[in-house]
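Inside the fold
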Amino acid sequence: MRTLLLTSLLTRAATIAGPAPGPTALDELGRTLATRARRLFGRSIAIREIDAGSCNGCELEIHALSNSVYDVERFGIKFVASPRHADVLMVTGPVTRNMKVALERTYAATPDPKWVVAVGDCGCGCGVFEGSYAVVGAVEKVVPVDLHIRGCPPRPIDLLRGLIVLMDKAAAKA
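Everything in this summary refers to the structure shown in the same document. (Residues numbered from 1 in each chain as written. Predicted model: local features only at pLDDT ≥ 70, side-chain atom pairs only at ≥ 80, totals over all residues. Heavy atoms only, no water.)

For lysine 114, the location among the structural elements is in the loop between α4 (100–109) and β5 (115–119). What makes lysine 114 buried here is its relative accessible area of 17%. From its side chain, lysine 114 meets the backbone oxygen of tyrosine 107 in a polar contact 2.7 Å long. Polar contacts involving the side chain of lysine 114 include one to the main-chain carbonyl oxygen of threonine 110, which spans 3.1 Å. The contacts of lysine 114, once residues within four sequence positions are left out, are Asp87, Tyr107, Ala108 and Asp146. (Helix = DSSP H or I, 4+ residues; strand = E, 2+ residues; numbered from the N terminus. Buried < 20%, exposed > 50% of the residue type's maximum accessible area, 1.4 Å probe, protein only. Polar contact = N/O pair within 3.5 Å; in protein donor to acceptor, adjacent residues only side chain to side chain. Contact = heavy atoms within 4.5 Å.)

Next up, the structure:
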């Protein structure tokens, strides 16, 4: 036991460095997204994140948007606790049988105009959970999806790029 403890204290952690998008790339993406959101809504974007049965990989990347590296709140993007305050629903994971009704109720509680983003390979097409008895299917089988952001899990910078595409699609419909 002592050997194991000393070994763990003296060896470095096996980690890799995070992706470095470059300081200007992130600021440019954020400012672009903030400008388009203000043009479309006249205010910032409110996002409600919904885990419909995922492995939590996508949630970690979505939560990374709020950390000190990305800090998307400085660009006017905020995460809200209630679907009644949300503009965008970010749904992760394949929809499980237990979460089907909850996702439908959340979608119904979100005021119009609303957009749904399926995040990750599982949200877009069930991923490794395809064919499971506990899975209803991809997000689009339960609620209409406006944008798919693929990846297992998608990087935070890809989530920001996806939100810019969503704002462009929403502006084109308006």
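Now that the structure has been shown, the text picks up again.
Two measures describe an aromatic ring pair: the distance that separates the ring centres and the angle between the ring planes. Within this structure, the stated rule accounts for zero aromatic pairs. One Lys or Arg, lysine 114, reaches over the ring of tyrosine 107 and ends 4.0 Å from the middle of that ring. (Phe/Tyr/Trp six-rings, centres within 6.5 Å; stacked < 30°, edge-to-face > 60°. Lys NZ or Arg CZ within 6 Å of the ring centre and 35° of its normal.)

Reading across the sheet, the five strands line up as β2-β1-β3-β5-β7 and stay open at both edges, with parallel pairing between neighbours. Every other strand in the sheet has two partners, leaving β2 (77–79) and β7 (147–149) as the edge strands with one partner each. If you compare each strand with its neighbour and ignore which way they point, the axes differ by 25° on average. (Pairing = 2+ DSSP bridges. Axes fitted to C-alpha atoms, helices over the stretch in contact; angles between N-to-C directions.)

Every buried residue of helix α3 (residues 57–64) is accounted for by Gly57, Cys58, Glu59, Ile62 and Ala64. Buried residues along α3 sit in contact with β1 (45–51), β2, β3 (88–92), β5, α5 (120–125) and α6 (156–173).

Counted by the stated rule, this structure contains zero disulfides. Here cysteine 58 is not cross-linked by a disulfide; its sulfur's nearest cysteine counterpart is in cysteine 55, at 6.3 Å. On the basis of relative accessibility, which here comes to 11%, the residue cysteine 58 falls in the buried class. (Disulfide = S-S within 2.5 Å.)

The subject of this paragraph is the pattern of salt bridges. Opposite charge on two side chains permits pairing when their charged atoms draw close. Overall, the coordinates contain five salt bridges when judged by the stated rule. Residues aspartate 158 and arginine 155 are paired through a salt bridge, measuring 3.3 Å at the closest nitrogen-oxygen approach. When its relative accessible area of 25% is taken as the criterion, aspartate 158 is described as partly exposed. (Salt bridge = Lys/Arg side-chain N within 4 Å of Asp/Glu carboxyl O.)

Next up on the list: the pairing of β1. Counting buried residues along β1, five of its seven residues qualify, which places the element largely inside the surrounding structure. By the bridge criterion, three bridges tie β1 to β2 in an arrangement that is parallel. Directly across from alanine 46, in β2, lies its bridge partner lysine 78. Tracing the backbone out of β1, into α3 and back to the parallel element β2 gives a crossover that is right-handed. Here five bridges tie β1 to β3, and the two strands are oriented parallel to one another. Within β3, the position partnered with isoleucine 47 by the bridge is valine 88. (Right-handed = clockwise from strand over helix to strand, strands pointing away.)

Attention now goes to the pairing of β3. Summarising burial for β3: five of the five residues are buried, a large majority. Of the two faces of β3, both are covered, the one formed by Val88, Met90 and Thr92 as well as the one formed by Leu89 and Val91. Note: β3 against β5, five bridges, orientation parallel. Looking across to β5, one finds that methionine 90 is bridged to valine 117.

Next up on the list: the nonpolar core. Leu33, Ile45, Val88, Met90, Val117, Leu163 and Leu166 are the most contacted members of the largest nonpolar core, which has 28 residues in total. Of all elements in the fold, only α2 (23–41), β1, α3, β3, β5, β7 and α6 reach the threshold of two or more residues within this core. No other element matches the eight residues that α6 contributes to this core. If you look at the next biggest cluster of nonpolar residues, it comprises 16 residues, including Ala86, Ala118, Cys124 and Val143. (Core = buried A, V, L, I, M, F, W, Y, C linked by side-chain atoms within 4.5 Å.)

Note that all results are geometric; they support no functional claim without further evidence.
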